[in-house]
Amino acid sequence: MRVAVIGAGPAGITAAYQLAKQGVAVEVYEASEHVGGLSRTFELWGQKVDLGPHRFFSQDPRVNELWLEVVGQDYEMVDRLTRIYYRRRFFDYPLRPGNALWNMGFLTATRCLASYFKEKIRPSYRETDTFESWVVGRFGRRLFEMFFKSYSEKLWGIPCHELDADFAAQRIKKFSLGEAVKAALGLSKGKHKTLVDQFAYPVGGTGMVYNRMADKVRGWGGHVHLRAPVQRVVHHERRVHALELKDGRIEPFDHVVSTMPLTLMVKGLGNLPAEVERAVDKLRFRNTIVVYLLVRGSNLFRDQWLYVHSPDLGTGRVTNFRNWVPEMYGDSPDTILALEYWCYDEDAEWRESDEALIERAKRDMQLTGLLGGAPILDGHVVKIRRCYPVYGRGYKQHLTPVEEYLRTFDGLSVIGRYGAFKYNNQDHSILMGLLAAENILDGKSHDLWAVNTDSEYQEAALITKTGLHYPDRPAVAEKREAVGSGV
Ligand SMILES: Cc1cc2nc3c(=O)[nH]c(=O)nc-3n(C[C@H](O)[C@H](O)[C@H](O)COP(=O)(O)OP(=O)(O)OC[C@H]3O[C@@H](n4cnc5c(N)ncnc54)[C@H](O)[C@@H]3O)c2cc1C
């Protein structure tokens, strides 16, 4: 059997890895010049950086087992510190009610509590199907406005009442008054670390995992073709039998695993039913611009990344690679920061020059006051198209007919973040790749569309139960020399 995999990101390369391991002839076609997709790592100014923050966490034992099979012992457990930066103050994230109320001062805290109780007694919304109604219903309007509105609107570029609640249900820890009281009394610290407290990180950067998988695929006789964009999936009466590459070559295959953007893949199938054509046109993606800044100094702030909620700053998140694992910065006296900006194709930022974007990032960093006069030595820009599938209100009405149509095809597995229009983390994409391979190898019928649809807040899982821990090794923060107090 010959299997083609489109895309060498976590989803595609995992599928290829699992198939090649079992002796299947696999050909991976990757449009770019590197493996890893959004989870790649690259060298910049003599250090290793990712495309923004990429922590690894999963509570699925299958995903963790595979990840550990590839990474071995070459990873660290990092004590997470990722606060919200809001009007020159730092709030724990995930929000800890005690910390949030303390930080905002008596008056604002009282107003937040009043708005929380008002919402509990007389809810503003009957339906909690939008991001706004979901969050206001659980946190109250004041907290929504402080901690959710501005960040989410920066990220998605649409008002929160037009965003689907799916995004909130998967990503936000629920608020509990009991927890707030315990936190205020200092009683809430559990004995065991959860996926919120610590995450795993490969010492060679996130992309190390996928480069290793690609090497294994090659070692088992498969091929990973780089700079090989696929034009379309070729089928006869919904039986897939080949791929057409951008250079016009047609390659025959028995099965195709696609992780290329769902919209482009579906359009390439041709002769779409009108309903599917209409639906696929409604699915939108949001772009990301990552601006890297090289800053002289090693002690700017302590977080691995900051969520920037201040509405006056254009950036939504700032990663500080200095605070991940020491292997990333070696003996450099400098810190690399990555500022994320989000936009659509038609927005002016997307067409802005690198110089202008670097100036914008410098300005934002100066406004935060976090640099304290440290000089910015250099800048670098990476633009990522179709980075986030937009969960606009009711997006499932458009996704479902596409899903249903694709289910009628033989020899096609559709997986991945933009591949399946799912707001995936690495672990979801790895799981999709793993299950797609099982379907092909063992004739299983895992429903690939069902991955990453539960609304469980999975970060509550205990690290000890996930298998992602070294009982005999300290977390990286304890090993690293004190980085100073920062902020
Ligand atoms: C800023 C940012 C921060 C993130 N933080 C985290 C985090 O902390 N933790 C976490 O787990 N995840 C994080 N993620 C998500 C993670 O990056 C993705 O979930 C993961 O990379 C998705 O893998 P994928 O294989 O589904 O898709 P991708 O990584 O997008 O890979 C798809 C691949 O397909 C290729 N391709 C596209 N079209 C074609 C074509 N026509 N022909 C051939 N190849 C094609 C692309 O070049 C790409 O290499 C983050 C993402 C971003 C953008």
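The following refers to the structure shown. (Residues numbered from 1 in each chain as written. Predicted model: local features only at pLDDT ≥ 70, side-chain atom pairs only at ≥ 80, totals over all residues. Heavy atoms only, no water.)

### Topic: the overall build of the protein chain
Here is step 1 of the chain: When helices and strands are counted, the protein chain shows 17 helices and 19 strands.
Here is step 2 of the chain: Relative to its 487 residues, the protein chain shows a buried fraction of 57%.
Here is step 3 of the chain: Long-range pairs, those at least 24 residues apart, make up 75% of the contacts in the protein chain between residues at least 6 apart in sequence. (Helix = DSSP H or I, 4+ residues; strand = E, 2+ residues; numbered from the N terminus. Buried < 20%, exposed > 50% of the residue type's maximum accessible area, 1.4 Å probe, protein only. Contact = heavy atoms within 4.5 Å.)

### So, the pairing of strand 1 (residues 2-6)
Two faces make up the sheet, and in a regular strand the side chains alternate between them.
Here is step 1 of the chain: With respect to burial, strand 1 is a largely interior element, four of its five residues being buried.
Here is step 2 of the chain: Pairing analysis gives five bridges linking strand 1 to strand 2 (residues 25-29), with the strands arranged parallel. Its bridge partner being in strand 2, Val5 is matched across the sheet by Val28.
Here is step 3 of the chain: The parallel pair strand 1 and strand 2 is bridged by helix 1 (residues 10-21), and the resulting crossover is right-handed.
Here is step 4 of the chain: Both strand 1 and strand 13 (residues 255-258) contribute to a ladder of four bridges, which runs parallel. Paired with Ile6 across the bridge in strand 13 is Ser258. (Pairing = 2+ DSSP bridges. Right-handed = clockwise from strand over helix to strand, strands pointing away.)

### Remarks on the site of the ligand
Here is step 1 of the chain: In the neighbourhood of the ligand, 33 residues make up the surrounding shell, with Glu30, Pro53, His54, Arg55 and Ser429 lying closest.
Here is step 2 of the chain: Take Pro10: an N or O atom from its main chain is 3.1 Å from an oxygen atom of the ligand.
Here is step 3 of the chain: Between the ligand and His54, the relevant distance is 2.7 Å, taken from an oxygen atom to a side-chain nitrogen or oxygen of the residue.
Here is step 4 of the chain: Contact with the protein chains hides 93% of the accessible area of the ligand, taken as 1000 Å² for the molecule alone. (Near = heavy atom within 4 Å. Polar contact = N/O pair within 3.5 Å; in protein donor to acceptor, adjacent residues only side chain to side chain. Areas by Shrake-Rupley, 256 points an atom, 1.4 Å probe, with all protein chains shown as cover.)

### Brief notes about the nonpolar core
Here is step 1 of the chain: Grouped together as the largest cluster of nonpolar side chains are 132 residues, with contacts concentrated most on Phe131, Leu262, Tyr292 and Leu406.
Here is step 2 of the chain: Shared between two domains, this core takes at least three residues from each, and those domains are domain 1 (2-35 + 60-70 + 204-281 + 394-459) and domain 2 (97-184).
Here is step 3 of the chain: Here Leu406 is in contact with Leu262, Met265, Val266, Leu269, Leu412, Val414 and Trp449, once residues within four sequence places are set aside.
Here is step 4 of the chain: If you look at the next biggest cluster of nonpolar residues, it comprises 26 residues, including Ile289, Phe301, Leu313 and Tyr341. (Core = buried A, V, L, I, M, F, W, Y, C linked by side-chain atoms within 4.5 Å. Domains from an automatic or database assignment.)

### Some points on the packing of helix 2 (residues 61-71) against helix 8 (residues 207-219)
Here is step 1 of the chain: The N-to-C vectors of helix 2 and helix 8 enclose an angle of 75°; their axes lie 9 Å apart at closest approach. Considering the angle they form, helix 2 stands roughly perpendicular to helix 8. Touching Leu66, Trp67, Val70 and Val71 of helix 2 are Met208, Val209, Arg212 and Met213, all from helix 8.
Here is step 2 of the chain: Broken down by class, the residue content of the contact of helix 2 with helix 8 amounts to seven nonpolar, no polar and one charged. (Axes fitted to C-alpha atoms, helices over the stretch in contact; angles between N-to-C directions. Parallel < 35°, antiparallel > 145°, perpendicular 65-115°, else oblique. Nonpolar A, V, L, I, M, F, W, Y, C, P; charged D, E, K, R; others polar.)

### Let's talk about the packing of aromatic side chains
Here is step 1 of the chain: Counted by the stated rule, this structure contains 29 aromatic pairs.
Here is step 2 of the chain: An angle of 55° between the planes, with centres 5.2 Å apart, marks the rings of Phe199 and Trp324 as tilted. Taken together, the residues Phe199 in strand 8 (residues 198-202) and Trp324 in the loop between strand 16 (317-320) and helix 11 (326-329) connect sequence positions 125 residues apart.
Here is step 3 of the chain: If you follow Arg55 out to its NZ or CZ, it ends over the ring of Phe57, 4.0 Å from the centre.
Here is step 4 of the chain: It is Arg284 that lies over the ring of Tyr344; its NZ or CZ is 4.0 Å from the centre. (Phe/Tyr/Trp six-rings, centres within 6.5 Å; stacked < 30°, edge-to-face > 60°. Lys NZ or Arg CZ within 6 Å of the ring centre and 35° of its normal.)

### Quick word on the environment of Asp129
Here is step 1 of the chain: Position of Asp129 relative to the elements: it lies in the loop between helix 3 (97-121) and helix 4 (131-139).
Here is step 2 of the chain: Counting along the chain gives 39 residues from Asp129 to Ala168, while the straight-line C-alpha distance between them is 9.9 Å.
Here is step 3 of the chain: Apart from residues lying up to four places away in sequence, Asp129 is in contact with Leu163, Asp164, Ala165 and Arg393.

### Regarding helix 8
Two residues of an α-helix separated by three or four positions point the same way, owing to the 3.6 residues in each turn.
Here is step 1 of the chain: In a regular helix each residue adds 1.5 Å, so 13 residues correspond to 18 Å; helix 8 covers 18 Å between its end C-alpha atoms and thus fits that length.
Here is step 2 of the chain: Along helix 8, the positions that sit buried rather than exposed are Gly207, Met208, Val209, Tyr210, Met213, Ala214 and Val217.
Here is step 3 of the chain: Positive phi shows up at Gly221, right after helix 8, with a value of about 100°. (Expected span 1.5 Å × (residues − 1).)

### Overview of the pattern of salt bridges
Here is step 1 of the chain: Scanning all chains against the criterion turns up 27 salt bridges.
Here is step 2 of the chain: The closest approach of N and O atoms between Asp129 and Arg393, which form a salt bridge, is 3.4 Å. Of this pair, Asp129 sits in the loop between helix 3 and helix 4 while Arg393 sits in the loop between strand 18 (376-389) and helix 14 (395-407), placing them 264 residues apart in sequence.
Here is step 3 of the chain: Residue Glu153 is joined to Lys149 by a salt bridge in which the shortest nitrogen-to-oxygen separation is 3.4 Å. (Salt bridge = Lys/Arg side-chain N within 4 Å of Asp/Glu carboxyl O.)

### So, the sheet that holds strand 1
The strands making up a sheet are joined through hydrogen bonds of the backbone, oriented either antiparallel or parallel.
Here is step 1 of the chain: With parallel pairing, the five strands of this open sheet are ordered in space as 9-2-1-13-19. Looking at which strands have only one partner, the edges of the open sheet turn out to be strand 9 (223-225) and strand 19 (412-414). In this sheet, adjacent strand axes meet at a mean angle of 15° when their direction is disregarded.

### Section: the side chain of Gln198
Here is step 1 of the chain: Looking at the element boundaries, Gln198 is found in strand 8.
Here is step 2 of the chain: On the accessibility criterion, Gln198 (8% relative accessible area) is buried.
Here is step 3 of the chain: Polar contacts involving the side chain of Gln198 include one to the side chain of Asp79, which spans 2.9 Å.

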